[in-house]
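Overview (structure and organization)
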Amino acid sequence: QVQLAESGGGLVQPGGSLRLSCAASGRISSANTMAWYRQGPEKERELVARITSAGTTYYIDSVKGRFTISRENGKNTVYLQMNSLKPEDTAVYYCNFPFFRDKDNYWGQGTQVTVSS
């Protein structure tokens, strides 16, 4: 019922920028908080940023000041603008609805971000 499609990843040099996009489809309210996650090689998936339907944002400390999460008002579309990228940002990036009890049913394929010189 819920499908998530991420795009915008790629290979970028340290200090570079990328903008990720996520479109959610299905019977979903636009009032839901949305989030970006990432999973580096041999690492656990971690929350990166969240945004509520009202536009309130949260970032983990390691990306604060470099990443910006945003969304289309009233829609289940979310973006992640990533600036000043570092090699440690290398990961597969996913979007999801962090407060859905069954969010583990909805993970998409993610989009690969590789930061390397």
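These lines cover the structure that appears in this document, whether it is placed above or below. (Residues numbered from 1 in each chain as written. Predicted model: local features only at pLDDT ≥ 70, side-chain atom pairs only at ≥ 80, totals over all residues. Heavy atoms only, no water.)

**A look at the overall build of the chain**
Heads up, the rule is: Counting from the N terminus, the helices are DSSP H or I runs at least four residues long and the strands are E runs at least two residues long. In this treatment the radius of gyration is a C-alpha quantity, and the globule benchmark scales as 2.2 Å times the residue count to the 0.38 power. Buried residues are those whose accessible area, probed at 1.4 Å on protein chains only, stays under 20% of the maximum for their type, while exposed residues exceed 50% and partly exposed ones sit between those limits. Any pair of residues with heavy atoms lying within 4.5 Å of one another is described as a contacting pair. Each accessible area value is a Shrake-Rupley result obtained with a 1.4 Å probe; residue values ignore everything except the protein chains displayed when judging cover. Working convention for charge: Lys and Arg count positive, Asp and Glu count negative, and His plus the chain ends are omitted. Charged side chains are reduced to one point each, which is NZ for Lys, CZ for Arg, CG for Asp and CD for Glu.
Within the chain, the secondary structure is distributed over zero helices and ten strands. Sequence-ordered secondary structure for the chain, helices as α and strands as β, is β-β-β-β-β-β-β-β-β-β. In terms of overall size, the chain behaves like a compact globule, its C-alpha atoms giving a radius of gyration of 13 Å where 117 residues would be expected to give roughly 13 Å. In terms of its C-alpha atoms, the chain occupies a principal-axis envelope of roughly 40 × 25 × 20 Å. Within the span of the chain, comprising 117 residues, buried residues form 46% of the whole. Taking the intrachain contacts of the chain between residues at least 6 apart in sequence as the baseline, contacts between residues at least 24 apart amount to 53%. When the accessible surface of the chain is split by element, carbon and sulfur atoms take 42% of a total near 6,500 Å². Side-chain charges in the chain split into 13 positive and 10 negative, and the spacing between the mean points of these groups amounts to 7 Å.

**Brief notes about the nonpolar core**
Among soluble globular proteins, nonpolar side chains are generally buried collectively. Put simply, the test is: Here, the term nonpolar core denotes a set of buried Ala, Val, Leu, Ile, Met, Phe, Trp, Tyr and Cys residues that are joined through side-chain atoms within 4.5 Å.
In this structure, Trp36, Leu80, Met82 and Tyr93 are the most contacted members of the largest nonpolar core, which totals 30 residues. Broken down by element, this core gets its largest block of residues, four residues, from strand S3 (residues 18–25). Formed by six residues, the second largest nonpolar core is a distinct cluster that contains Tyr37, Leu47, Val92 and Trp107.

**Some thoughts on the pairing of strand S8 (residues 77–82)**
Applied cut-off: A pair of strands is labelled paired if DSSP reports no fewer than 2 bridges between them.
For S8, the buried fraction is high: five of the six residues fall into the buried class. Taken together, the six bridges between S3 and S8 define a ladder with antiparallel strand orientation. The partner of leucine 18 across the bridge, within S8, is methionine 82. Across five bridges, strand S7 (residues 67–71) lies against S8 in antiparallel orientation.

**Considering the packing of aromatic side chains**
Heads up, the rule is: The rule is short: rings of Phe, Tyr and Trp, with Trp giving its six-membered ring, pair when the centres are within 6.5 Å, and they are stacked under 30 degrees, edge-to-face over 60, tilted in between. For a Lys NZ or an Arg CZ to count as sitting over a ring, it must be within 6 Å of the ring centre and within 35 degrees of the ring normal.
Using the criterion set out here, one finds four aromatic pairs in the structure. Pairing phenylalanine 97 with phenylalanine 100 gives two aromatic rings, centres 4.6 Å apart and planes at 15 degrees, and the pair type is stacked. Take phenylalanine 97 and phenylalanine 100: they sit in the same class, and that class is buried. Clustering of aromatic rings is evident, with ring pairs tying together Tyr37, Tyr94 and Trp107. Here the guanidinium or amino end of arginine 45 rests over the ring plane of tryptophan 107, the centre of that ring lying 3.6 Å away. Looking at arginine 50, its charged tip hangs above the ring of tyrosine 58, at a distance of 4.6 Å from the centre.

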